[in-house]
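# Summary of the model geometry
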Amino acid sequence: MEKMASVSGIRTLIRIHHSLVLQKSFRRSLLQLASTCITWRHCSGSNDPLLPSDTENKSLLENLYVLGVDVKMARQRQPGVLRKSFTNEMCLAQFLQEKGASCKVIASIVSRYPRAITRSLDHLEERWQLWRNVFNTDAEIVSILDRSPESFFRSSDNEDLKKNIAFLISLGLNSKDLRRLLTTAPRTFSNTLELNKQMVEFLEDICLELGGKNPEQFATSIISKNVYLLIKSTKRIGTNINNLKTSLMLSDAELLALLQGKGADILVLSNDCLKRNIHSLEEKMSLLGFKESDMKKLVLNYPNILYIGAATLNSKLDCLLKGGITIKQILEKPKVLDYSIQNITERLKELQRVGYDFEKNGINILDSSKKRFVAKIEKLSGVSEE
């Protein structure tokens, strides 16, 4: 045992030594190549020369290996980058390190989004400052880059980013909304300003057509609720709105209320997907003996039901019905459908074990937090044992 422990300790020391050597090598490489960075400030772009299609830039590959980049992954993601004659990998690494990124994070960013090494130092500094107008610290931005490097490096046009930030702020979107847009729908900011204005004007027109009194607030509210709207086409959104109105036979006032509420979430679905889910729900409700008005009420109260695929929705409904829940109770408390089939099944088993009466007590317990559910089961278990 002592011998095994000794071997294990030696291996740990070797790993630590290798890690320290790699970090020293990384820093030394940055210092050695700092002067070279100046010549690479105007780095490669889409129009810069590429090497022959079967030839990769050997000096670039050597630098990437020094940085710890997974070259195989980079080659799979964006192979053209490895054939560029001029790149900016060491400047990028030095820039990110100065912002607080670790060697591991820098290597991961370049591995997953190689095009990052084609951005000039001037571009990086300007873009970082634009992001800092939205985020409070460098650490926040580094964390986002680590999760999604594409959100920062995808676009090379800082002017579009600057204009779109100013435009979205003018709409009344707050810092929290802008952070969500940058992190989850970054393509919003690489859209032209005209394209984003077109969507906003389209939403304002929809509001007026439905009898709304404040189109500007309507557009801002919907975008705030669903940040993906600005990266979808007006045609998709318009078709989905028409499908909802005709399929559910909604009045203008009902449709307006739906869109201003939780209905914004379903507008970004593909047109075919929304049609299919509406049709599937109609069939299921009909089989269960309910009227079209019941389906309309269900969607108005819980529009996210149209986000659930047909097979999954049917399985959840069947599971609840077999567990002693009535469809009327589901209509009154549709949020129970938010939970996975596994979660629903496990909770129903626990409630059956303690003799829970759904008819008498309702189904609110199925929609409670895990902590509250466990506490309730423990309390009911104690009562049943007595």
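Residues numbered from 1 in each chain as written. Predicted model: local features only at pLDDT ≥ 70, side-chain atom pairs only at ≥ 80, totals over all residues. Heavy atoms only, no water.

### Details of the overall build of the protein
Across its full length, the protein holds 23 helices and 0 strands. Within the protein, contacts between residues at least 6 apart in sequence are counted, and of these 74% link residues at least 24 apart. Working note: accessible area of the protein is about 20900 Å², and carbon and sulfur atoms make up 51% of it. (Helix = DSSP H or I, 4+ residues; strand = E, 2+ residues; numbered from the N terminus. Contact = heavy atoms within 4.5 Å. Areas by Shrake-Rupley, 256 points an atom, 1.4 Å probe, with all protein chains shown as cover.)

### Comments concerning the layout of surface pockets
Estimated volume of the largest pocket: approximately 160 Å³. Considering the residues around the largest pocket, the lining is formed by Gln342, Asn343, Glu346, Arg347, Glu350, Lys370, Phe373 and Val374. Elements with a minimum of two residues in the lining of the largest pocket: α21 (341–353) and α23 (370–385). When residues of the lining of the largest pocket are assigned to their parent elements, the largest contribution, 5 residues, is made by α21. Here the lining of the largest pocket is composed, by residue class, of 2 nonpolar, 2 polar and 4 charged. (1 Å grid on protein atoms, 1.4 Å probe; cavity = no way out; pocket = protein on both sides within 12 Å on 5 of 7 lines; lining within 4 Å. Points joined across faces, edges and corners; volume = space filled by probe spheres on them. Nonpolar A, V, L, I, M, F, W, Y, C, P; charged D, E, K, R; others polar.)

### Side note on the environment of Ser381
Relative to the elements of secondary structure, Ser381 occurs in helix α23. A relative accessible area of 12% places Ser381 in the buried class. (Buried < 20%, exposed > 50% of the residue type's maximum accessible area, 1.4 Å probe, protein only.)

### As for the pattern of salt bridges
Any two side chains of opposite charge can pair, given that their charged atoms come close. Overall, the coordinates contain 13 salt bridges when judged by the stated rule. When the shortest N-O distance is used, the salt bridge between Arg132 and Asp138 registers 3.1 Å. A residue is classified by how much of its surface remains accessible, and Arg132, at 30% relative accessible area, is partly exposed. Relative accessible area serves as the criterion here: at 21%, Asp138 is assigned to the partly exposed category. Here Glu159 ties to Lys162 by a salt bridge, and the two come within 3.9 Å at their closest N and O atoms. On the criterion of helical spacing, the pair formed by Glu159 and Lys162 is a turn pair, its members being 3 residues apart in helix α10 (residues 158–170). (Salt bridge = Lys/Arg side-chain N within 4 Å of Asp/Glu carboxyl O.)

### Looking at helix α18 (residues 292–301)
For α18, every residue scored as buried is listed here: Met295, Leu298 and Val299. One face of α18 carries all of its buried residues, which in axial projection span an arc of 95°. Along its buried surface, α18 packs onto α15 (234–248), α16 (252–260), α17 (271–287) and α20 (327–332). (Arc of directions from axis to C-beta.)

### Considering empty space enclosed by the protein
Taken as a whole and judged by the stated rule, the model has 2 cavities of 30 Å³ or more. Considering only enclosed or pocket space, the largest cavity measures out at about 50 Å³ in volume. Every residue lining the largest cavity is listed: Arg127, Glu150, Ser151, Arg154, Ser155, Leu161, Leu182, Pro186, Phe189 and Ser190. Of all the elements in the fold, those that place two or more residues in the lining of the largest cavity are α9 (149–153) and α12 (187–190). Across the lining of the largest cavity, the residue classes tally to 4 nonpolar, 3 polar and 3 charged. Considered as a void within the structure, the second largest cavity measures approximately 30 Å³ in volume. Every residue along the wall of the second largest cavity is listed here: Leu281, Met285, Leu298, Ile305, Leu317, Ile327, Ile330 and Leu337. Of all the secondary structure elements, the ones that give two or more residues to the lining of the second largest cavity are α17 and α20. Residues of the lining of the second largest cavity, tallied by class, amount to 8 nonpolar, no polar and no charged.

### Describing the confidence of the model for the protein
Per-residue confidence for the protein gives a mean pLDDT of 85, with 85% of residues at or over 70. Within the protein, no element has a lower average pLDDT than helix α2 (residues 34–39), which sits at 42, and none a higher one than helix α13 (residues 193–209), at 96. Across residues 33–46, where pLDDT falls below 50, the model places 28 contacts with residues more than four positions away in sequence or in other chains. (pLDDT = per-residue confidence, 0-100.)

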